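Listed here are the chains, written in short residue letters.
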Amino acid sequence: MHVSHGNRLSRARARVGAALAVTALLCAGIAAAGPAGAAPKAAPKAPAAPADCSAAYKIEQTVDGGTTWRMCWHYNTYSGLILDKVSYQPKGEAKPIPVLTTARLAQIHVPYDDGQAEFDDITGVEIGRYLQQLKTSECPGGTIKTVKVPDRGNVPGLCVTTRARGHAYRLNNDESTSGNGKVYTAQGKDLLVYTVNKASWYEYITEWRFSSDGTITSNVGATGSLSPYDFDGGDNRGWPIGKGDQAKAESHSHNVFWRLNFGLDGSPKAKVEQYDSKVTPPGTGGGSPTTKTTRTPVTKELMGDRKDMRWWRVVSTAGKNKDGHPRSYEIVPGASQKHAGRPYTKHDVYFTQYKKCEQYASHNIGCPDGYPKSVDQWSNGETLKHPISWVNIGYHHIARDEDQQPMPVHWQGFSLAPRDVTAMSPLTPGDLAGQNGRPPNGS
Ligand SMILES: [Cu+2]
């Protein structure tokens, strides 16, 4: 199929039209579905607490090593799935440790390379409306929860399951290399929560993964089909995917934003820190390179850019681990191709002071008229007391023959790695628990 549409409006209309045809529904007003009719339209103000929602909106799973993850969820027509009150309770912790008050997608910005089409799949297309029904086989070993989608009714579309992740750790506790010592090893298993939402021909799989070692990972997988209205990519803007030089699929980007409202140890107050390491090559006299790491407290709103050996963490002000170290989570961005075509896509992370109405990274909905609409405009130097973290991961999609048909899933996302949340790895076997801070030196 080769269809050319010359302008943005006709293409946008065609795209939305297809979504409607596929899901056979009529769009009406804007609404949010919440637990037991509570309909929370914005992030709850209260700090994260052990999940206390009704059973239908609660997720609780114990994975390997005795780690239990708990959370609540709700759903709206923009972001789709929203996770609330996420807590982590590894073996040995008497109570769940609150981690996130709320977490969700905050925008998927899709600009086409010719400048003729630009979509906002969260606030414009409203992918939350187009939740896909999942078959049992699409949620292996898990349960499919029913989601009340505004204007559509009940859709069995939220998969909660577990998935193997391979080695959690391995240690041959023998100073010789023979391999005859005692081997400590375990296979890891993640709690996995996901939905599939349609955006015209594309389908987005929004996946959240919770690991036994405290790591949280979110990825968006793009699959479905290339837009048939965008097979007219010009020179330097497309890739031929039909015979010879036919049907140049137009290149475009998927810039995915997440919004994370941490509630570490039950408090919205947290500190943000940036770390940078600088490597100095050896002098002319020989020796080895040296590396120096510096910590920069981020006390005011920040638009941050990825750089080699740079990272950020959000630090609890309310709790410490048993070693007396403040608990924190490190933001670990995955591979990203920053687009930089709009002010809000120019940076990889943003830390803004919490404002209830600031919910979507661009084309924000819910603030008063005249209020700035995007995250870059909110990052204007205010002191961070209750930081909101925004993560932007971009993917420049230059199509290839293999993208048809259906398109293989392409993933983009980030992790949150626990840093000093527990005094040792929560998976440490009992035999090795005495080695905190003083591993055996082999002598
Ligand atoms: Cu794409």
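- Under an unreviewed UniProt entry, the name given to the protein chain is Amine oxidase, and the organism recorded is Streptomyces aurantiacus JA 4570.
- Check the Sequence similarities (unreviewed entry) section of the UniProt entry for the protein chain; it says "Belongs to the copper/topaquinone oxidase family."

### Regarding the overall build of the protein chain
Part 1 of the reasoning: Across its full length, the protein chain holds 2 helices and 22 strands.
Part 2 of the reasoning: Within the protein chain, buried positions represent 41% of all 443 residues.
Part 3 of the reasoning: The contacts of the protein chain with a sequence gap of at least 6 include a subset with a gap of at least 24, amounting to 64%.

### With respect to the sheet that holds strand β19 (residues 326-333)
Part 1 of the reasoning: In spatial order, the strands read β7-β8-β9-β10-β11-β22-β19-β18-β15-β16; together these 10 strands make up an open sheet with antiparallel pairing. Bordering the open sheet on either side are β7 (143-149) and β16 (290-298), each of which pairs with just one other strand. Shown here is a sheet whose adjacent strand axes are inclined to one another by a mean of 25 degrees, direction ignored.
Part 2 of the reasoning: Relative to strand β18 (residues 310-320), strand β15 (residues 270-280) runs antiparallel, the two sharing 7 bridges.

### Brief notes about the UniProt feature "modified residue: 2',4',5'-topaquinone" (unreviewed entry) in the protein chain
Part 1 of the reasoning: Taking the UniProt record as the reference, the feature "modified residue: 2',4',5'-topaquinone" (unreviewed entry) is found at Tyr 202.
Part 2 of the reasoning: As for its placement among the helices and strands, Tyr 202 is situated in strand β10 (residues 202-210).
Part 3 of the reasoning: According to the C-beta neighbour criterion, Tyr 202 is buried, with 24 such atoms within 10 Å.

### Here's the deal with unusual backbone geometry
Part 1 of the reasoning: The step from Gln 404 to Gln 405 runs through a cis peptide bond, and the omega angle for that step is 10 degrees.
Part 2 of the reasoning: Structurally, Gln 405 is set in the loop between β21 (387-397) and β22 (407-419).
Part 3 of the reasoning: Positive phi, normally seen in glycine, also occurs at Met 309, with a value near 60 degrees.
Part 4 of the reasoning: Considering the arrangement of structural elements, one finds Met 309 in the loop between β17 (302-304) and β18.

### Examining the nonpolar core
Part 1 of the reasoning: With 79 residues, the main nonpolar core has Leu 83 and Trp 390 as its most contacted residues.
Part 2 of the reasoning: Contacts of Leu 83, omitting those with residues within four sequence positions, involve Met 71, Trp 73, Leu 100, Thr 102, Ala 103, Arg 104 and Trp 208.
Part 3 of the reasoning: Leu 226, Phe 231, Ala 247 and Ala 399 belong to the second largest nonpolar core, which has 5 residues in total.

### So, the environment of Phe 119
Part 1 of the reasoning: Relative to the helices and strands, Phe 119 is located in strand β6 (residues 118-120).
Part 2 of the reasoning: Judged by the 23 C-beta atoms lying within 10 Å of it, Phe 119 falls in the buried class.
Part 3 of the reasoning: Each C-alpha atom, one on Phe 119 and one on Ala 199, is 9.9 Å from the other, the two residues being 80 residues apart in sequence.
Part 4 of the reasoning: Other than its neighbours up to four places away in sequence, Phe 119 contacts Val 110, Gly 124 and Val 125.

### A short note on the pairing of strand β2 (residues 58-62)
Part 1 of the reasoning: Here 5 bridges tie β2 to strand β3 (residues 68-76), and the two strands are oriented antiparallel to one another. If you follow Glu 60 over to β3, its bridge partner there is Arg 70.
Part 2 of the reasoning: The loop that links β2 with its antiparallel partner β3 comprises 5 residues; one of these, Gly 65, has a positive phi angle of about 75 degrees.

Cut-offs applied
- Residues numbered from 1 in each chain as written.
- Predicted model: local features only at pLDDT ≥ 70, side-chain atom pairs only at ≥ 80, totals over all residues.
- UniProt positions renumbered as here; feature names shortened; annotations may be inferred.
- Helix = DSSP H or I, 4+ residues; strand = E, 2+ residues; numbered from the N terminus.
- Buried ≥ 20, exposed ≤ 12 C-beta atoms within 10 Å, placed from the backbone.
- Contact = placed C-beta atoms within 7 Å.
- Pairing = 2+ DSSP bridges.
- Axes fitted to C-alpha atoms, helices over the stretch in contact; angles between N-to-C directions.
- Core = buried A, V, L, I, M, F, W, Y, C linked by C-beta atoms within 7 Å.

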